[in-house]
Amino acid sequence: LGKIDGTVNILLDDMEEQYTKLPKDKKLLLLDHAGKQLAVAAKFLHMKGYTNVAIMDGGVTSWIQAGLPVSK
């Protein structure tokens, strides 16, 4: 599908080891290919003290369908 510039890719299975790469002082927009696994990631981040977390409905697929840029 492609990658959205400026994003940090973390697999849900690796979230516990890698979430510290995410800044707590910025808004986080969580997305995946279709937007189906994000509630688990959002709940985990809230439990770790992240307060500004949003979920993008439809994930990367919706991003691309909206004509927004991706890199290969």
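Please refer to the structure higher up on the page.
Residues numbered from 1 in each chain as written. Predicted model: local features only at pLDDT ≥ 70, side-chain atom pairs only at ≥ 80, totals over all residues. Heavy atoms only, no water.

(A) Structural view of the packing of aromatic side chains. Taken as a whole and assessed by the stated rule, the structure comprises 2 aromatic pairs. With 5.3 Å between their ring centres and 80 degrees between their planes, Tyr19 and Phe44 make a pair best called edge-to-face. Within this pair, whereas Tyr19 is found in the loop between helix 1 (15–18) and strand 1 (28–30), its partner Phe44 is found in helix 2 (residues 38–47), the two being separated by 25 residues in sequence. The same class applies to Tyr19 as to Phe44, namely buried. (Phe/Tyr/Trp six-rings, centres within 6.5 Å; stacked < 30°, edge-to-face > 60°. Helix = DSSP H or I, 4+ residues; strand = E, 2+ residues; numbered from the N terminus. Buried < 20%, exposed > 50% of the residue type's maximum accessible area, 1.4 Å probe, protein only.)

(B) Structural view of the nonpolar core. Met15, Leu30, Leu45, Tyr50 and Val53 are the most contacted members of the largest nonpolar core, which has 13 residues in total. Among the elements of the structure, strand 1 and helix 2 are those that each provide at least two residues to this core. When residues in this core are grouped by element, the largest group, 5 residues, is from helix 2. For Met15, the residues in contact, after removing those within four places along its chain, are Ile10, Ala41, Phe44 and Leu45. (Core = buried A, V, L, I, M, F, W, Y, C linked by side-chain atoms within 4.5 Å. Contact = heavy atoms within 4.5 Å.)

(C) Fine view of helix 2. Those residues of helix 2 that fall on the buried side of the exposure criterion are Leu38, Ala41, Ala42, Phe44 and Leu45. Looking straight down helix 2, one finds its buried side chains confined to an arc of 160 degrees; they lie on one side. Among the exposed residues of helix 2, those pointing more than 90 degrees away from its buried face are Ala39, Val40, Lys43 and Met47. Looking at the buried side of helix 2, the elements it contacts are helix 1, strand 1 and strand 2 (53–55). One or two steps after helix 2, the chain reaches Gly49, where phi turns positive at roughly 100 degrees. (Arc of directions from axis to C-beta.)

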